Amino acid sequence: MASASFVKPDTLSSPWIGQRSFAHTSASSPPRVSFAIRAGAYSDELVKTAKSVASPGRGILAIDESNATCGKRLASIGLDNTEDNRQAYRQLLLTTPGLGDYISGAILFEETLYQSTKDGKTFVDCLRDANIVPGIKVDKGLSPLPGSNDESWCQGLDGLASRSAEYYKQGARFAKWRTVVSVPCGPSALAVKEAAWGLARYAAISQENGLVPIVEPEILLDGDHPIERTLEVAEKVWSEVFFYLAQNNVMFEGILLKPSMVTPGAEHKNKASPETVAEFTLTMLKRRVPPAVPGIMFLSGGQSEAEATLNLNAMNQSPNPWHVSFSYARALQNSVLRTWQGKPEKIEASQKALLVRAKANSLAQLGKYSAEGENEDAKKGMFVKGYTY
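Residues numbered from 1 in each chain as written. Predicted model: local features only at pLDDT ≥ 70, side-chain atom pairs only at ≥ 80, totals over all residues. Heavy atoms only, no water.

This part is about the packing of aromatic side chains. Inspection of the entire model under this criterion finds eight aromatic pairs. Arranged with centres 5.5 Å apart and planes meeting at 40 degrees, the rings of Phe-326 and Tyr-328 form a pair that is tilted. An identical accessibility class is assigned to Phe-326 and Tyr-328; each is buried. By way of ring pairs, the aromatic residues Trp-197, Phe-243 and Tyr-244 are connected into one cluster. One cation-aromatic arrangement involves Arg-173 over Tyr-168; the distance from NZ or CZ to the ring centre is 3.7 Å. (Phe/Tyr/Trp six-rings, centres within 6.5 Å; stacked < 30°, edge-to-face > 60°. Buried < 20%, exposed > 50% of the residue type's maximum accessible area, 1.4 Å probe, protein only. Lys NZ or Arg CZ within 6 Å of the ring centre and 35° of its normal.)

Following this line, the structure appears as structure tokens:
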């Protein structure tokens, strides 16, 4: 009797959600059989949430930095890393009038999900009132991966189901899990598989608990490699990711992606134009991402504020199979911090600075952004070698 084997799909644009295919090796065997994933209790809500976040002219504000990383941001403007200072900064961001015109979702750190304004209004309610979907960072950070080429793996699967259920009760409706892949370190097959499997398990657990998972295998900017090498690695990583998402019965209509743009390494001698970045990035996405996925929400990864916006704009000059937008942290916050400086009298000016960047990226999502009038600070790169969140 011929044995059955799991077939890694050659194409990922199947009409089945999270399709699994089985083929028999015998020529006389029956034809391939496909199975759709089980419909979960939250399926309709997941699709609705994903579509809301992936709405025209809007993207994600990522303020999910750990307390330690937020402390580094505060230190850059001379503030101590205290809960009061973190709360004050996040209140400045989340209570910006008109933010919901350009921002559809906000990724929060656990501390922020449970915080309130000084007047007692929860940050979750501030977001809801602005028509912004609250999200939550659920991973527990990176650790060295034994047996690898000095690479990392992402922790946080232990207890994730119960934590996700609590986050849902608190008002979160989507989640984020960030793992990384290093081009200079290989990447090794072990590191790629670990990244893809961890993301797939997280995604399945999130959907079981009502949270739309943002799938984020960040291809780090570190290195002096050309853009062609980044494309090669990105295609390999996303192939593995979707293979394991399908194995774990993840519903593609209820996820969002947070990829790196395909660029040369930060230390490469030649910079790529926005048109080149768009060409290589969209080539990768069209080869690897099924059209069932509602939204591609790019990370900025250390690009300058203007660079991240220009690259996004270039990718939206013609229709795409998915909503192509942004999920920026530094590329939305850098100008805000420089303006605020921890001074209450500068809160209004800081919020206006946030709206300037949010509106610029909103226009880029619509393919209508112009860099005319950008100040020089917005053009300064923010790449930090070995950057950690």
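Still to come is the rest of the account.
A complete count under the given rule lists 17 salt bridges for this structure. The closest approach of N and O atoms between Glu-235 and Arg-287, which form a salt bridge, is 2.5 Å. Of this pair, Glu-235 sits in helix α8 (residues 227-247) while Arg-287 sits in helix α9 (residues 274-288); the two residues are 52 residues apart in sequence, bridging distant segments of the chain. Salt bridges here are not isolated pairs; linked through shared partners, they connect Asp-64, Lys-176 and Glu-216. (Salt bridge = Lys/Arg side-chain N within 4 Å of Asp/Glu carboxyl O. Helix = DSSP H or I, 4+ residues; strand = E, 2+ residues; numbered from the N terminus.)

Turning to its location among the elements, Gln-333 is positioned in helix α11 (residues 330-340). Here the side chain of Gln-333 touches Ala-62 through a polar contact of 2.9 Å, landing on its backbone oxygen. Once you skip the residues sitting within four places of it in the chain, Gln-333 turns out to touch Ala-62, Ile-63, Glu-65, Arg-73, Tyr-89, Leu-93 and Glu-305. (Polar contact = N/O pair within 3.5 Å; in protein donor to acceptor, adjacent residues only side chain to side chain. Contact = heavy atoms within 4.5 Å.)

Glancing now at the environment of Pro-146. Of note, Pro-146 is situated in the loop between β7 (142-144) and β8 (152-154). Taking the relative accessible area as the measure of exposure, Pro-146 reaches 65% and is therefore exposed. With 45 residues separating them in the primary sequence, Pro-146 and Ala-191 have C-alpha atoms 9.6 Å apart. When sequence neighbours within four positions are dropped, the list of residues in contact with Pro-146 reads Trp-153 and Leu-190.

Glancing now at helix α10 (residues 305-315). Of all eleven residues in α10, nine are buried, a share of seventy percent or more. Listed in full, the buried residues belonging to α10 are Glu-305, Ala-306, Ala-308, Thr-309, Asn-311, Leu-312, Asn-313, Ala-314 and Met-315. Residues of α10 that are buried make contact with α9, β12 (295-298), β13 (323-328), α11 and α12 (347-365).

Here we take up the sheet that holds strand β4 (residues 59-63). The strand order around the closed barrel built from eight strands is β4-β5-β6-β9-β10-β11-β12-β13, with neighbouring strands paired in parallel fashion. With three bridges connecting them, strand β6 (residues 133-137) and strand β9 (residues 174-181) associate as parallel partners. Residue pairing for β9: Gly-135 is matched across the bridge by Phe-174. (Pairing = 2+ DSSP bridges.)

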